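Single-letter residue listing:
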Amino acid sequence: MGKLTVRALCAVLVVVLAGTVFVQVGMVWALATDPEDGSLPLTPLRVITILGMVSVQVALVCVWRLVTMVRRGTVFSHAAFRYVDGVIGAIVAAALVWFAVTALNAPGQRDDPGVTIIMGGVGVAILGVALIVLVLRMLLAQAVARDVEAAQMQAELDEVI
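Procedures and definitions
- Residues numbered from 1 in each chain as written.
- Predicted model: local features only at pLDDT ≥ 70, side-chain atom pairs only at ≥ 80, totals over all residues.
- Heavy atoms only, no water.
- Helix = DSSP H or I, 4+ residues; strand = E, 2+ residues; numbered from the N terminus.
- Rg over C-alpha atoms; globule rule 2.2 N^0.38 Å.
- Salt bridge = Lys/Arg side-chain N within 4 Å of Asp/Glu carboxyl O.
- Buried < 20%, exposed > 50% of the residue type's maximum accessible area, 1.4 Å probe, protein only.
- Patch = residues over 30% accessible without salt bridge, like charges linked within 9 Å, V, L, I, M, F, W, Y side chains within 5 Å.
- Areas by Shrake-Rupley, 256 points an atom, 1.4 Å probe, with all protein chains shown as cover.
- Expected span 1.5 Å × (residues − 1).

## Thoughts on the overall build of the protein
Phase 1: Secondary structure assignment for the protein yields four helices and zero strands.
Phase 2: Reading the protein from its N end, one meets helices and strands in the order α-α-α-α.
Phase 3: Taking 15 Å as the expected radius of gyration for a compact globule of 161 residues, we find that the protein reaches 21 Å, considerably beyond that expectation.
Phase 4: Here the C-alpha coordinates of the protein stretch approximately 80 × 30 × 25 Å along the principal axes.

## Points about the pattern of salt bridges
Phase 1: Applying the stated criterion to the full structure yields one salt bridge.
Phase 2: A salt bridge links Asp85 to Arg137; the nearest nitrogen and oxygen atoms lie 2.5 Å apart. Remark: Arg137 occurs in helix α4 (residues 113-160) and Asp85 occurs in helix α3 (residues 79-105); sequence separation between them is 52 residues.
Phase 3: Using a relative accessible area of 37% as the deciding quantity, one classes Asp85 as partly exposed.

## Quick word on the environment of Val122
Phase 1: By the element assignment, Val122 lies in helix α4.
Phase 2: Its relative accessible area of 35% is what places Val122 among the partly exposed residues.
Phase 3: For the pair Val122 and Glu156, spaced 34 residues apart in sequence, the C-alpha separation works out to 51 Å.

## A look at a nonpolar patch on the surface
Phase 1: On the surface, a cluster of nonpolar side chains totalling about 380 Å² of accessible area is made up of Ile132, Val135, Leu136 and Leu139.
Phase 2: Relative to the elements of secondary structure, Leu136 occurs in helix α4.

## Focus on helix α2 (residues 42-72)
Phase 1: Under the 1.5 Å per step criterion, the end-to-end length of α2 is 45 Å for 31 residues, consistent within 8% with the ideal 45 Å.
Phase 2: Residue Gly73 follows α2 closely and has a positive phi angle near 80°.

Everything listed here is a matter of coordinates, which is why it stays silent on function.
In structure tokens form, the structure reads like this:
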């Protein structure tokens, strides 16, 4: 991976992380100072937003660690699985948070249930992203196994020579 690509990705990760922290601070501030008027369940939505931002932050930190491993050339190791599993868990948590938002929003959509169906579809799509990352994890596992096998063959070849 090129240095420019790594730096660009790290810059994006920092901006998104700062944005999630800003949103969390705003939600905590709103929880403390802005009372509910009863039209929407604001407190649960604010808490869900905070939790959703935590799931994004976990994924960002895991991706940061994976990028660091790529830069160092150590990504094809068993240590990388911990971070890939962290990304998968964060995506699943984000989907669960989204389903909670959908459930909170559903009673207000009785006249137009299509919105709830679309929101449910978005939740399923988020779970689909988790499945894609799971497939990529399986590819990483194959690459790690091949890397170990190649190292063993190189060691045997070095003994012969």
